Amino acid sequence: MYFQSKLHEQKFNEVKQQFEGGLANDQLAFVYLATSDILREAKLINLNEGYLLSCSDFNPSYLSSSQVKLARLALHLFNSVNEIDGITDIIDSLDMENRKLMIQAIVIRAGVCC
């Protein structure tokens, strides 16, 4: 499985361990992106309270356009009610490292790994 850094992998595993019953694929895909190096500072997960962000809590005002697109993709993979730009628009806006993140998150959501 691809991680941006050891810290990304560590944070991903920390969140997974907080949920005793395990996480479904949609939740894992969200956690994977939310704990990534590019989105960790967006605080999409409140580890102290033990919950995943509700979509209404998302405030993208201080994020870059790439971060916003990845965050919206994370929310969409978690709850497909959230609208996102087309996949090609997202791909075109990301550098190669962040494209790898996007692809890995989609693979997790599809249940192909983890």
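Read on for an overview of the structure. (Residues numbered from 1 in each chain as written. Predicted model: local features only at pLDDT ≥ 70, side-chain atom pairs only at ≥ 80, totals over all residues. Heavy atoms only, no water.)

## Let's talk about the side chain of Ser36
Here is step 1: Its location among the elements puts Ser36 in the loop between α2 (25–34) and β1 (45–46).
Here is step 2: Each residue touching Ser36, except ones within four places of it in the same chain, is listed here: Gln4, His8 and Leu101. (Helix = DSSP H or I, 4+ residues; strand = E, 2+ residues; numbered from the N terminus. Contact = heavy atoms within 4.5 Å.)

## Some details on the environment of Tyr32
Here is step 1: Positionally, Tyr32 belongs in helix α2.
Here is step 2: Between the C-alpha atom of Tyr32 and that of Gln104, which follows or precedes it by 72 residues, the distance is 8.5 Å.
Here is step 3: Leaving out residues up to four positions away in the same chain, Tyr32 has contacts with Met1, Tyr2, Phe3, His8, Phe12, Leu101, Gln104, Ala105 and Ile108.
Here is step 4: Here the side chain of Tyr32 touches Tyr2 through a polar contact of 2.6 Å, landing on its backbone oxygen. (Polar contact = N/O pair within 3.5 Å; in protein donor to acceptor, adjacent residues only side chain to side chain.)

## Things to note about the packing of aromatic side chains
Here is step 1: Taken as a whole and judged by the stated rule, the model has four aromatic pairs.
Here is step 2: Taking the centre distance of 5.9 Å and the plane angle of 55° together, the rings of Phe3 and Tyr32 count as tilted. Taken as a pair, Phe3 in the segment before α1 (6–18) and Tyr32 in helix α2 lie far apart in primary sequence, 29 residues in all. Side by side, Phe3 and Tyr32 carry an identical accessibility label, which is buried.
Here is step 3: Judged by centre distance (5.3 Å) and plane angle (35°), the ring pair of Phe30 and Phe78 falls under tilted. Taken as a pair, Phe30 in helix α2 and Phe78 in helix α3 (residues 65–78) lie far apart in primary sequence, 48 residues in all. (Phe/Tyr/Trp six-rings, centres within 6.5 Å; stacked < 30°, edge-to-face > 60°. Buried < 20%, exposed > 50% of the residue type's maximum accessible area, 1.4 Å probe, protein only.)

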